[in-house]
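Secondary and tertiary structure notes
Spelled out from the first residue to the last, the chains are:
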Amino acid sequence: MTDRTVLITGATAGIGEAAARAFAAAGWRVIGTGRRAERLEALATEIGPKMHMLAFDMRDEAAIDGALASLPPEFQAIDLLINNAGLALGTAPAHKADLAQWRQMIDTNINGLIAITHKLLPRLVERKGAIINLSSVAATYPYAGGNVYGGTKAFVQQFSLGLRSDLHGTGVRVTSIEPGMVETEFTFVRTGSQDASDTLYGGADPMTGEDIAQTLLWVATLPPHLNINRLELMPVSQSFAGFQVARG
Ligand code: 8X3
């Protein structure tokens, strides 16, 4: 058993929820954050005293400050930050996309992520802790309709590598996890359509939140001299397509 504490953003569903369960089962104290308090409450009830919930919106910096200041003493020494909160909105091409949706992705996937990272870095350095950021295959491989979502995930990938450079010599580990297709609420949130979600994942045997949660746990429990810089994962059913050519 361990005596370590992980803070997982976006623990209300999908990868974050599965990670909260996996880390708690491995003996970690888990701080789960998210916007939907009732979901966090249900998870905290299920997991028990090893979990502490913090309900706030990643886009609200004052709320992040208030939440972190409210942590009970036994949850204050954070060893691992898992920046999982994030979303995709829309699949329209850039010239037909919604600017408000673009801003919401940037506010959550980038501005929220850098804010909580900045606030926790001093205690992570003090404890020689670790940061695992959830990027995406969309950081590396562009696809139609991915525009700003892919841009935010490219930021997360490169920010992770930049953190590694800055944290050189501190003992803090930083990893960018870059999953492809994982069946979660991701596509429902992106499209607003359960049919679209079912169609995308149907018959594809996609990865699950639990698959990624076990990967996160593996990365977090490697010997302390080892750092996974980037880790890209896809289901076997997903791969790459060729370039497209428009002919006049
Ligand atoms: C999303 C990855 O492959 O579902 O981050 O578009 S994919």
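Figured I'd write up the structure that's included with this text. Please read all numbers here as calculations on a predicted model, not as lab measurements.

Secondary structure assignment for the protein yields 8 helices and 9 strands. Here the C-alpha radius of gyration of the protein, 18 Å, is about what a compact globule of 248 residues would show, namely 18 Å. C-alpha atoms of the protein, sized along the principal axes, occupy 65 × 40 × 35 Å. For the protein, with 248 residues in total, the buried portion stands at 48%.

It is worth spelling out empty space enclosed by the protein at this point. What the rule picks out here adds up to 1 cavity of 30 Å³ or more. Its volume calculated, the largest cavity comes out at about 60 Å³. What lines the largest cavity is a set of 13 residues, and nearest its centre among them are Ala130, Ile132, Arg173, Thr175 and Val219. Of all the secondary-structure elements, those providing two or more residues to the lining of the largest cavity are β5 (130–134), β6 (173–179) and α8 (209–220). Of the residues contributing to the lining of the largest cavity, the split by class is 10 nonpolar, 2 polar and 1 charged.

Once that is clear, we can look at the sheet that holds strand β3 (residues 51–55). Read across the sheet, 7 strands follow the order β3-β2-β1-β4-β5-β6-β9 without closing on themselves; strand pairing throughout is parallel. The sheet is open, and its two borders are formed by β3 and β9 (230–233), each paired with just one other strand. For this sheet, the mean inter-axis angle between neighbouring strands, taken without regard to orientation, is 15°. Note that strand β1 (residues 5–8) and strand β4 (residues 80–83) share 3 bridges and pair parallel. For Val6, the partnering residue across the bridge sits in β4 and is Leu80. Sheet strands in contact with helix α2 (residues 37–47) are β2 (29–34) and β3, and its direction is about 175° off that of β3. Relative to the sheet, helix α5 (residues 147–166) contacts β5, β6 and β9, its axis offset from that of β6 by approximately 160°.

This next bit is on the site of the ligand. Surrounding the ligand, one finds Ser136, Val137, Tyr143, Tyr149, Pro179, Gly180, Met181, Phe186 and Gln238. Tyr143 places a side-chain nitrogen or oxygen 3.0 Å from an oxygen atom of the ligand. Between the ligand and Tyr149, the relevant distance is 2.6 Å, taken from an oxygen atom to a side-chain nitrogen or oxygen of the residue. The class makeup of the residues in the shell around the ligand is 6 nonpolar, 3 polar and no charged.

The next subject is the side chain of Thr9. Along the polypeptide, Thr9 turns up in the loop between β1 and α1 (14–25). A polar contact is formed between the side chain of Thr9 and the backbone nitrogen of Ala85, at a distance of 2.8 Å. With residues near it in sequence (within four places) discarded, Thr9 still touches Thr33, Met58, Ile82, Asn83, Asn84, Ala85 and Ile116.

This paragraph deals with the layout of surface pockets. What the second largest pocket holds in volume is close to 150 Å³. Lining the second largest pocket are Arg4, Trp28, Asp79, Leu80, Arg127, Lys128, Gly129, Ala130, Gly171, Arg173, Ala220 and Pro224. Across the lining of the second largest pocket, the residue classes tally to 5 nonpolar, 2 polar and 5 charged.

Moving on: the packing of helix α3 (residues 61–69) against helix α4 (residues 99–126). Where α3 meets α4, the closest approach of the two axes is 10 Å, and the angle between their N-to-C directions is 30°. Relative to α4, the crossing made by α3 is right-handed. Contact residues: α3 offers Glu61, Ile64, Asp65 and Leu68, while α4 offers Gly112, Ala115, Ile116, Lys119, Leu120 and Arg123. Tallied by class, residues from the contact of α3 with α4 come to 5 nonpolar, 1 polar and 4 charged.

Procedures and definitions
- Every chain is numbered independently, its residues counted from 1 as its sequence is written.
- With pLDDT at 70 or above as the cut-off, local features in this predicted model cover only qualifying residues; side-chain atom pairs require 80 or more to be listed or tallied, and sums for whole chains, interfaces and linings still use all residues.
- With hydrogens and water set aside, each side-chain value is computed from the structure's full complement of heavy atoms.
- Counting from the N terminus, the helices are the DSSP runs of H or I reaching at least four residues and the strands are the DSSP runs of E reaching at least two.
- Just to be clear, the radius of gyration here is over C-alpha atoms, and the globule rule we use is 2.2 Å times residues to the power 0.38.
- We call a residue buried when its accessible area falls under 20% of the maximum for its residue type, exposed when it is over 50%, and partly exposed in between, using a 1.4 Å probe and counting protein chains only.
- Each cavity reported here is a set of points on a 1 Å grid over the protein atoms alone in which a 1.4 Å probe fits but cannot get out, each pocket an open set with protein on both sides within 12 Å along at least five of seven lines, and each lining residue one with an atom within 4 Å of a point.
- Grid points are joined across faces, edges and corners, and a volume is the space filled by probe spheres set on the points.
- Three classes are used: nonpolar for Ala, Val, Leu, Ile, Met, Phe, Trp, Tyr, Cys and Pro, charged for Asp, Glu, Lys and Arg, and polar for all others, with Gly counted as polar.
- A pair of strands counts as paired when DSSP detects no fewer than two bridges linking them.
- To define axes, lines are fitted to C-alpha atoms, for helices over the stretch in contact only, and angles between the resulting N-to-C directions are given on a 0 to 180 degree scale.
- Residues are treated as being in contact if the distance between any of their heavy atoms lies within 4.5 Å.
- Throughout this document, a residue counts as near a molecule or strand when at least one of its heavy atoms sits within 4 Å of that molecule or strand.
- Two N or O atoms count as a polar contact when they lie within 3.5 Å, although within protein this holds only if one can serve as hydrogen donor and the other as acceptor, and sequence-adjacent residues are included solely when both atoms are side-chain atoms.
- Take the far helix as your reference; a near helix turned counterclockwise from it by less than a right angle gives a left-handed crossing, and one turned clockwise gives a right-handed crossing.

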